[in-house]
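Residue-level structural notes
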Amino acid sequence: MSPCAHLMDITARPDLVFVEGRGSWLTDQTGKRYLDFMQGWAVNTLGHSPPALVTALIRQASQLINCSPAFYNVPMIELADMLCHASALDQVFFTNSGAEANEGAIKLARKWGALHKGGAHRLVTLDGGFHGRTLATMAASGKPQWQALFEPKVTGFDKVPPNDIDAVSRAIRPDTVAVMVEPIQGEAGVISMTDDYLRALRALTRAHGLLLILDEIQTGIGRTGKMFGFEHAGIAPDIMTLAKGLGGGVPLGALLATHAASCFVHGDQGGTFCGNPLMTALGVAMLREVMKPGFLEHVTAMGDALTEGLTALAARHGFGSVRGRGLLLALDLKAEIGPSIVAAARDAGLLINAPKPNCLRFMPALNVTADEIGMMLDLLNQIICGMKP
């Protein structure tokens, strides 16, 4: 019997088991090391088992792990203060995942619509968007392969193409309450919303009295070179969701909102583990690292280096453009060879991702070094050369 025989078969997994991680490197059960440029899908902000998080985990676990969400705890308060100060939003509800944060954002918008817009409840979302795997967040997402899954879906989501402000305008109805977008669509192949589009979206939602919800689960906490992706466009949302990099490897998400949009009352929202001191203490430790002088500048510099290297690789092998921002990048392969490259790379000790068959995605730790980027580029070039007839 396989050692994994009792796990539900919900995704194709290679026949290896990881046992240790340090920084940009993972080690499997045979002792083989892998250079990790996936980092749990942009989750491990500081790489694997970073000392700052290990120290915070040990300290908090020895003091208080969980005291019930019916009470305040010190890390919960501290992390909420840090996030609101950094984002200029006003209130936070902590979750265990990005899907929960986005589910909460949808609920909050619909509650706001019931109170302030005559029961308006519909949300405009984007083709190619990915907001999670709950029934509501799957309905909000724009993945074609999900259209026939788990019917009947939660209704009330109108899809439009990305970067098309006229399409958003046409989709707005009297019962529309919000527009919900990712600044960069990671699962769609790293499709960026332009700064002009985000500015136009902010102006359009204000003109119609709608909420703007930004899903920053993959782009938030420094991934693009700024603390939040929306900062590049010089705007601010009414509601924002975070997860992935916020916990740096542990289950932690957040739903943030302005005072005007925060309309939950007692009993509307909750969760057994939401805001527990163990996870929020790690969030505090993570933010302290990302907020250190020079950290975001390092992300930008390494993003530029990775972009330059991938652009040169593309020119050498006849590939397409490099997309994305900071350390969330994709390489257009111009052919559906992504899965083959990913498999060959894994055999060679390099972990990368193909969100679409025609592209590769790169999500290294934000403290990745120039040497590690150079090593990854050399490995990838060798792998591609080795696949050619």
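Scroll up to find the structure.
So, how was this worked out
Residues numbered from 1 in each chain as written. Predicted model: local features only at pLDDT ≥ 70, side-chain atom pairs only at ≥ 80, totals over all residues. Heavy atoms only, no water. Buried < 20%, exposed > 50% of the residue type's maximum accessible area, 1.4 Å probe, protein only. Helix = DSSP H or I, 4+ residues; strand = E, 2+ residues; numbered from the N terminus. Pairing = 2+ DSSP bridges. Right-handed = clockwise from strand over helix to strand, strands pointing away. Salt bridge = Lys/Arg side-chain N within 4 Å of Asp/Glu carboxyl O. Axes fitted to C-alpha atoms, helices over the stretch in contact; angles between N-to-C directions. Left-handed = near helix turned anticlockwise from the far one by under 90°. Contact = heavy atoms within 4.5 Å. Nonpolar A, V, L, I, M, F, W, Y, C, P; charged D, E, K, R; others polar. Phe/Tyr/Trp six-rings, centres within 6.5 Å; stacked < 30°, edge-to-face > 60°. Lys NZ or Arg CZ within 6 Å of the ring centre and 35° of its normal.

Taken residue by residue, a regular strand's side chains alternate between the two faces of the sheet. With 5 of 5 residues buried, strand β5 (residues 122-126) is to be regarded as a mostly interior element. Burial along β5 is two-sided: R122, V124 and L126 facing one way and L123 and T125 facing the other are all buried. Pairing geometry for β5 and strand β7 (residues 176-181), over 3 bridges, is parallel. By the bridge assignment for β7, R122 is matched with T176. Note that β5 and strand β6 (residues 157-160) share 4 bridges and pair parallel. Across the sheet, L123 pairs through a bridge with F157, a residue of β6. After leaving β5, the chain enters helix α5 (residues 135-140) and then returns to the sheet as β6, a path that is right-handed.

Spatially, β1-β2-β3-β15 is the arrangement adopted by the 4 strands of the open sheet, whose pairing is mixed. Looking at the sheet topology across the chains shown, the edges are occupied by β1 (18-22) and β15 (350-351). By the bridge criterion, 2 bridges tie strand β3 (residues 33-36) to β15 in an arrangement that is parallel. Of the residues in β15, the one forming a bridge with L35 is L350.

Turning our eyes to something else, we now look at the pattern of salt bridges. Note on pairing: side chains with opposite charge can pair once their charged atoms come close. All chains considered together, the criterion is met by 11 salt bridges. Here K153 makes a salt bridge to E151, at a shortest N to O gap of 3.0 Å. Close ionic contact of E289 with K292 constitutes a salt bridge, the shortest N to O distance being 3.1 Å.

Take the packing of helix α10 (residues 338-347) against helix α11 (residues 370-387) next. Orientation of α10 relative to α11, taken along the N-to-C sense of each, is 115°, at an axis distance of 10 Å. Crossing hand, α10 versus α11: right-handed. Side by side, α10 and α11 meet where S340, I341, A344 and A345 of the first sit next to L380, I383, I384 and M387 of the second. Within the contact of α10 with α11, the residues separate by chemical class into 7 nonpolar, 1 polar and no charged.

To continue, consider the sheet that holds β6. Read from one edge of the open sheet, 7 strands run β4-β12-β11-β10-β7-β5-β6, paired in mixed fashion. At either end of the open sheet lies a strand with only one pairing partner, and these are β4 (91-95) and β6. Within this sheet the neighbouring strands show an average axis-to-axis angle of 20°, counted without direction. Against the sheet, helix α3 (residues 74-87) makes contact with β4, β11 (239-242) and β12 (253-257), and its axis sits at roughly 125° relative to β4, the strand it touches most.

Moving on, we get to the environment of R170. Structurally, R170 is set in helix α6 (residues 165-171). Residues R170 and A254, 84 residues apart in the sequence, show an inter-C-alpha distance of 31 Å.

Turning to the packing of aromatic side chains, a few remarks are in order. All chains considered together, the criterion is met by 3 aromatic pairs. Consider the rings of F130 and W146, whose centres lie 5.4 Å apart with planes at 50°: the pair is tilted. Here F130, found in the loop between β5 and α5, pairs with W146, found in the loop between α5 and β6; they are 16 residues apart in sequence, far enough to count as distant. Above the face of the W25 ring, R33 is positioned so that its terminal group lies 4.3 Å from the ring centre. The side chain of K143 reaches across the aromatic face of W146, ending 5.4 Å from its centre.

As far as function goes, none of this settles anything; it's purely spatial.
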